[in-house]
Each structure stands twice: as C-alpha cells, then as structure tokens.
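Letter by letter, the chains look like this.
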Amino acid sequence: MRPLEDGLTAHDTGAGAGTPNGQGPSGGGVRKNERALTADDILRTAIEIGDHEGLHALTMRRLAAKLGFSTMALYRHFKNKDEILDGMADLVLGNLSLPEEAGLDPETVIRDLARALLGMMRSHPSVIHLLSTRATTSRTSLSGAFERVLERLRATGLSADLSVRVYGALMTYTIGFASYQMPRPWGGSGEDARELRRQRGHFYASLPADEFPHMVELSGLLVDLPHDSQFQVGLEFMLGGILSAHNGDASAPEAGDGSVAAGRQDRSPS
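The following refers to the structure shown. (Residues numbered from 1 in each chain as written. Predicted model: local features only at pLDDT ≥ 70, side-chain atom pairs only at ≥ 80, totals over all residues. Heavy atoms only, no water.)

Let's talk about the overall build of the chain
Secondary structure summary: the chain contains 13 helices and 0 strands in total. Listing every helix and strand of the chain by position from the N terminus yields α-α-α-α-α-α-α-α-α-α-α-α-α. In the chain, which comprises 270 residues, the proportion classed as buried is 40%. A separation of at least 24 residues holds for 70% of the contacts in the chain among residues at least 6 apart in sequence. Surface summary for the chain: the accessible area is close to 14,800 Å², and the carbon and sulfur share equals 54%. (Helix = DSSP H or I, 4+ residues; strand = E, 2+ residues; numbered from the N terminus. Buried < 20%, exposed > 50% of the residue type's maximum accessible area, 1.4 Å probe, protein only. Contact = heavy atoms within 4.5 Å. Areas by Shrake-Rupley, 256 points an atom, 1.4 Å probe, with all protein chains shown as cover.)

Digging into helix H8 (residues 160–181)
An α-helix turns once per 3.6 residues; consequently, residues spaced three or four apart project the same way. With 22 residues, H8 ought to run about 32 Å at 1.5 Å a step, and its terminal C-alpha atoms sit 32 Å apart, in line with that. Taken as a whole, H8 has its buried residues at Leu162, Ser163, Val166, Tyr167, Leu170, Met171, Tyr173, Thr174, Ile175, Phe177, Ala178 and Gln181. Those residues of H8 that are buried are in contact with helix H5 (106–123), helix H6 (126–133), helix H7 (139–155) and helix H12 (228–246). (Expected span 1.5 Å × (residues − 1).)

Quick notes on the environment of Val166
Inspection of the secondary structure puts Val166 in helix H8. For Val166, a relative accessible area of 1% translates into the label buried. As a C-alpha pair, Val166 and Met238 span 72 residues in sequence and 9.1 Å in three-dimensional space. Not counting the four nearest positions on each side in its chain, Val166 is found in contact with Ile110, Leu153, Leu158 and Ile242.

Concerning the packing of aromatic side chains
For any pair of aromatic rings, geometry is given as the distance between the ring centres together with the angle between the planes. In this structure the tally under the stated criterion is 4 aromatic pairs. Measuring from centroid to centroid gives 5.0 Å for Tyr173 and Phe231, while their planes differ by 15 degrees, and the two rings are stacked. Residue Tyr173 is found in helix H8, and its partner Phe231 is found in helix H12; the two are separated by 58 residues along the sequence. Neither residue differs from the other here; Tyr173 and Phe231 are each classed as buried. Between Phe177 and Phe231, the ring centres sit 5.2 Å apart and the planes meet at 55 degrees, which makes this aromatic pair tilted. Here Phe231 lies in helix H12 and Phe177 lies in helix H8, a separation of 54 residues in the sequence. (Phe/Tyr/Trp six-rings, centres within 6.5 Å; stacked < 30°, edge-to-face > 60°.)

What follows is the structure, given as structure tokens:
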C-alpha cells in the first residue's frame, strides 16, 4: 500500500476544525515544530501506534503524549476514541492502493485485488481489527475499499451477484489470512523467517507420533501455512470456483445462493 496521502486535511477525514495556530498543550505554549495540531496529525499517529503496538495500546493519553499535546487537545477534533478509530479506518480504507488497470480479464483483476487488499492489511495491521469490529458508513471508506473494488469487478463482465460474492470472498479471505499470518513470523521471507520455519518444523516433528501422527508426518509442509505461497494456493482454489460460475459451469455454486436469493424470493409476489 502506498503511503497515506499527505494532502488529507481535517476536513477530508471528517474531523473538526484545528486548534488555533501556535497553541500548545495548555493553550498558550508552542509545540516544538510550531504547528497547530490537526486531525490528520492525530489519525496518522493513532495509526502508527495501532500498527506497531496494537489497538489495545491506543489510549487518548498515550496518543496525546506521543503527539506532545494535552489530552484535551485531542477532544477539539474528536469527541472520543471511537471517533478516532472510525477516522483511522477512513484514512486507511479510503487510501487503498489499487494496481494499474490491466485489462478486463477477471482472473487477473481478482488476483490483483486480492494482493492489494492483503498489502493494505500488512502495511496497516490495525485495520484488520478495525474491519473485524466496526462497520462504517463513511463515504471516504466506502469509496476507497468498496465502490472502487466493485467497479473493477463489474468492469470484467462479472454479473452483479457474482461481483458482490467475489468482493465478500476477497475481503474475508484476506482478513483471515492476514490475521493468521500476523502472529506467525515463520511465514515471512528472509533468513530469519527461514530459521523460524526450521525450528517450527522441528517442533511439529517432535510431537508424540502416537498422538499427532499426521502433524508429525506433514511437519515439513505445515510450516508453510502462514507463508505467502499458502495465500496464493487458496486464491487459486477460489478463482477456480469463481471462473466456473462466471463461465456458466452448471456444477459451480450459484452466486445468488443464500441470503441474496432468499431476499429476492421474499420480495416476490405470492
């Protein structure tokens, strides 16, 4: 994901007006960089804390201390922590970086979208928790991570139902994989990750064989579950079903099965 755009302002993020220029923690001092505190400052710093320390570490006091302002200065922009969390989601989701359009081939577009969503969650792991615990009505979020993604899917010729189903599958799959990978550093790349994979494989292989026969047998493969190769395998499995449905394979599950179709049926005249 590209860096969050520097041009966003308090107005862009839906926050209130900034503090008077030069106002410090008590209203009379000047902050070291001699700039007024902005909503953008608050949100970017909140995202930094959330990404590196976890959202549990994000408190109004912790945020104010990192910014070099009093806690009251935060309340000039946001009523409470919930508003800050909503603003964080706004800033990250609204700036989802999609790849350059590479034609209308559904397979290529879906792969690119999946990687873009995973990249966003890796760059800003706090958004995984935000997406799992909050629903947004913000136009910024809806435009960045909903409307633009649906636009790409619809442009490939996918039906309305299938576009919605694919969007849901991509979002839930990437959230799930990113959540699984995050606490398992042996899924990464580089020498350190390879050494951790070796150690993890040794752990699996050393389990009691009478109690864990399959884990012992498959220990060399299990270590790759949080690796990007597993994400790609799962994505290919998903693509097989999507393309079968798109191409009219009678054996493929219908995109409208479930609540969407049921909703239509409920609205049909009796």
